[in-house]
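So you can see what is in the structure, the chains are spelled out below.
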Amino acid sequence: MCGGSNCFMEEAKPANFRAPRKGRVGSARSSRKTWNEAYDAVLKNEAAECYSTCESLAGLGCLRLIRYRATSKVLLLSLSLFIFSVRETRGQCAGNVSSPGAAADCADRQTPREGAIVLDPAHSYTLAELIEIAEHHNPSTRTVWERAKQRARELGLAKSAYYPQLEGLAVFGDQRLVNPFPKPLAPRGYIMVEVPFVQPEVTLQYLIFDFGKREATVDSARAEKLAAGADFIQLNQALAFRVASSYYLLVTAQERLQAAQETLRTAQTTQDAAESRLNNGLATLPDVLNARAETSQALFDLQSADGDEKIARVTLTEALGAEPSPNIVIDGQNGAPLPEALTMSIDALIDRAMAGRPDLMAQASRIRAAKDEVRAAKAEYKPKISLSGSVAQTSVWPTADFGQLGPASQPTWSGGLSIQWRIFDGGARKNEVLIAESKRREAEDELTAKHDQATREVWTAYIAFRTALRKHEAAMALLKSANESYSASLDAYKYGVKNLIDVVTAEKQLALARLSGVSARSELFVEAVNLEFATGNLLRNQPPATKLQSQDGNK
């Protein structure tokens, strides 16, 4: 499956086309006609090139996935490193598949690789490598791959109707029959004739004119092929998103494990301080027991975090299409910056989604296919003009029980022009037209629903990312203050200014602040990925919707 820039390059959007943007619910419903009219206009303008049914609707956008950054305290996800790594990834399809048509052609030419995934437990896999592995071996990609192949073959079947049918036939036989004759000519009133024969023959059947039925059938098959190509891209993006999400889940689990280890060290420090004061006669045994309980709780949390980390490994291997197992090592990528802000307005993000989401492109192609099916059904009311002919070499060696018959070997032929017009069929054609028109309306309604869904998903991702930014800022401030509070409380406890309860309280606040920081960072990056995915920009070369901090952390 195509997984890198070689598979999904930037596609230019037609200058004369702009996807409608919805406002109120009423205008959203009424925009379907505008969408279809604009779509039809684009198809007419680009039909001379490659019948770009869904390609005309939009160029795919670019979703830049992100990587984690590992520092002395935390692992950070990085947008830029993932962008670079994905650009180097080559999927199963060779060459560029920048559009549904190119993706369908790619799937038609290539064949999915066979064999199970063998992961090297000693190798540290990058996100780009994991995506490429999934593209080769995940069962869902292989399924949509085969479906795209089937749609391409169905287009070939539809085109074959334009060609004549030429058949060769060779007949070898022997025939015996009774021919009546007058008795003056044949004493018995009949003669027995036996005719062995050999007849090689070539026949031709050619449908000359059918009032556009074949054209409509081919156009429908071509639209279905483009829809399959868009589905191909959509599933590829969805798979990359799933693998990336599982990858970040694992990195987050590793970060939580690191936070749990730091919390255990903090609890041990508190316990050591309490035991030291007890040995010096400045603390009580309940204080030491309380500190030991906090250490035990931190150890419990550490074991829980370790189990979650292993489960995250299993989830990642399952997303790859491999046998679920914790035997996988990932490369967290050091020194990567955080996303800090959006680079596009909500209107621009919605426009990008309307122009670039493969599911909308696929549905637009299905509308075109449904319209072509209506044309094909209506063409059944028209006559068909066909040409037929045959050429043969007939050789016979007849014999008779009375008289003498001579052998013959002569070329024979026949030809004809026929007009076939179905006059009455009990309403079959009428029902076929009604069914086709119903399917067209169904496809248009589905496009309206998907349009609304896409708008909602972009709004949700937009709000979630902005919220994640604020939560991350608050979490960093909380972590800083909790760390200072614990340090101050511990020093004060050592000097006898505060009691152990104050230290334990500050310790718990610090542990919660660490986990909040981990969750906030993870949520920030996941929402950045989700925003790009919702706009249909995954694995694309367009500018990302989020801006990264500089390497020194400055904006």
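Residues numbered from 1 in each chain as written. Predicted model: local features only at pLDDT ≥ 70, side-chain atom pairs only at ≥ 80, totals over all residues. Heavy atoms only, no water.

1. Description of the overall build of the protein
Each helix and strand counted, the protein has eleven helices and eleven strands in total. At a minimum sequence separation of 6, the contacts of the protein that also span at least 24 residues come to 81%. Split by element, the accessible area of the protein, about 26,900 Å² in all, is 55% carbon and sulfur. (Helix = DSSP H or I, 4+ residues; strand = E, 2+ residues; numbered from the N terminus. Contact = heavy atoms within 4.5 Å. Areas by Shrake-Rupley, 256 points an atom, 1.4 Å probe, with all protein chains shown as cover.)

2. What to know about helix α11 (residues 500-534)
Compared with the 51 Å implied by 1.5 Å per residue over 35 residues, the 50 Å span of α11 between its first and last C-alpha is a close match. Regarding α11, its N-cap is Asn 499, as a side-chain oxygen of that residue lies 3.2 Å from the backbone nitrogen of Ile 501 further along. Two residues or fewer after α11 comes Gly 536, characterised by a positive phi angle close to 75°. (Expected span 1.5 Å × (residues − 1). Polar contact = N/O pair within 3.5 Å; in protein donor to acceptor, adjacent residues only side chain to side chain.)

3. Considerations on the packing of helix α4 (residues 127-137) against helix α6 (residues 213-279)
Running from amino to carboxyl end, α4 crosses α6 at an angle of 135°, the nearest separation of the two axes being 10 Å. It follows that α4 is oblique to α6 by the angle criterion. As for the relative orientation of α4 and α6, their crossing is right-handed in sense. Along the contact surface, α4 presents Leu 127, Leu 130, Ile 131, Ala 134 and Glu 135, while α6 presents Asn 236, Leu 239, Ala 240, Val 243, Ala 244, Tyr 247 and Tyr 248. The residue makeup of the contact of α4 with α6, split by class, is ten nonpolar, one polar and one charged. (Axes fitted to C-alpha atoms, helices over the stretch in contact; angles between N-to-C directions. Parallel < 35°, antiparallel > 145°, perpendicular 65-115°, else oblique. Left-handed = near helix turned anticlockwise from the far one by under 90°. Nonpolar A, V, L, I, M, F, W, Y, C, P; charged D, E, K, R; others polar.)

4. Considerations on a nonpolar patch on the surface
Together, Tyr 206, Ile 208, Phe 209, Phe 211, Leu 387 and Leu 417 line one region of the surface with nonpolar side chains, adding up to about 530 Å² of accessible area. The element best represented in the nonpolar patch is strand β5 (residues 190-209), accounting for three residues. With respect to the secondary-structure elements, Leu 417 resides in strand β10 (residues 408-420). (Patch = residues over 30% accessible without salt bridge, like charges linked within 9 Å, V, L, I, M, F, W, Y side chains within 5 Å. Salt bridge = Lys/Arg side-chain N within 4 Å of Asp/Glu carboxyl O.)

5. Concerning the nonpolar core
Counting residues in hydrophobic clusters, the biggest one holds 28 residues, and the most contacted among them are Leu 119, Leu 130, Val 243, Tyr 247, Leu 316 and Leu 320. Those elements that place two or more of their residues in this core are α4, α6 and α7 (285-320). Here the element with the most residues in this core is α6; it accounts for ten residues. Leave out the neighbours within four places in its chain, and Leu 316 touches Leu 130, Val 243, Ser 246, Tyr 247, Leu 250, Ile 328 and Ile 330. Grouped together as the second largest cluster of nonpolar side chains are 17 residues, Met 344, Ala 454, Ala 461 and Ala 545 included. (Core = buried A, V, L, I, M, F, W, Y, C linked by side-chain atoms within 4.5 Å. Buried < 20%, exposed > 50% of the residue type's maximum accessible area, 1.4 Å probe, protein only.)

6. Topic: the confidence of the model for the protein
Chain-level statistics for the protein give a pLDDT mean of 79 and a share of 80% at 70 or above. Ranking the helices and strands of the protein by mean pLDDT puts helix α9 (residues 358-379) first, with 93, and strand β1 (residues 68-70) last, with 31. When the criterion is pLDDT under 50, residues 1-91 qualifies, and its contacts beyond four places in sequence or with other chains add up to 310 contacts. Low pLDDT, under 50, characterises residues 551-555; the predicted model gives this stretch four contacts beyond four residues in sequence or across chains. (pLDDT = per-residue confidence, 0-100.)

7. Description of the packing of aromatic side chains
Taken as a whole and assessed by the stated rule, the structure comprises five aromatic pairs. When the ring of Trp 145 is compared with that of Phe 232, the centres are 5.6 Å apart and the planes differ by 55°; the resulting orientation is tilted. Of this pair, Trp 145 sits in helix α5 (residues 139-159) while Phe 232 is found in helix α6, placing the two residues 87 residues apart along the sequence. Of the two residues, Trp 145 and Phe 232, both sit in the buried class. In this structure, Arg 277 packs its charged tip against the face of Tyr 493, placed 4.8 Å from the ring centre. (Phe/Tyr/Trp six-rings, centres within 6.5 Å; stacked < 30°, edge-to-face > 60°. Lys NZ or Arg CZ within 6 Å of the ring centre and 35° of its normal.)

8. Observations regarding the pattern of salt bridges
The final tally for this structure, using the stated rule, is 26 salt bridges. With its nearest N and O atoms 2.1 Å apart, the salt bridge here joins Asp 401 to Arg 188. On the criterion of sequence distance, the pair formed by Asp 401 in the loop between β9 (399-400) and β10 and Arg 188 in the loop between β4 (165-180) and β5 is long-range, its members being 213 residues apart. Arg 188 sits in the partly exposed class, given a relative accessible area of 47%. Put simply, Arg 429 and Asp 425 hold a salt bridge, and the shortest N to O gap is 2.7 Å.

9. A word on unusual backbone geometry
A positive phi angle is found at Phe 211, which is not glycine, with a value near 60°. Counting through the fold element by element, Phe 211 comes out in the loop between β5 and α6.

10. Quick notes on α6
A rise of 1.5 Å per residue sets the reference length of α6, with its 67 residues, at 99 Å; its end C-alpha atoms lie 97 Å apart and thus fit the reference within 8%. Remark: Gly 281 follows α6 within two positions and exhibits a positive phi of approximately 75°.

11. Some points on the environment of Ser 160
Within the fold, Ser 160 resides in the loop between α5 and β4. Distance from Ser 160 to Val 218, taken between C-alpha atoms, is 9.3 Å for residues 58 residues apart in sequence.

12. As for the packing of helix α3 (residues 100-109) against α6
One way to put it is that α3 packs onto α6 with a least axis distance of 7 Å and a crossing angle of 90°. If you check the angle between α3 and α6, you find them roughly perpendicular. Here α3 contributes Pro 100, Gly 101, Ala 103, Ala 104, Asp 105 and Ala 107 to the contact with α6, which in turn contributes Lys 225, Leu 226, Gly 229, Ala 230, Phe 232 and Ile 233. Grouping the amino acids of the contact of α3 with α6 by side-chain chemistry returns eight nonpolar, two polar and two charged.

13. Let's talk about the environment of Ser 365
Here Ser 365 shows up in helix α9. What makes Ser 365 buried here is its relative accessible area of 0%. Separated by 145 residues in the primary sequence, Ser 365 and Ser 220 have C-alpha atoms spaced 8.9 Å apart.

14. Considerations on the pairing of β5
Both β4 and β5 contribute to a ladder of 16 bridges, which runs antiparallel. Within the sheet, the bridge partner assigned to Leu 177 lies in β5 and is Val 193. Looking at chain direction, β5 and β9 are connected through two bridges and run antiparallel. Looking at the pairing, Val 193 lines up with Ala 400 of β9. (Pairing = 2+ DSSP bridges.)

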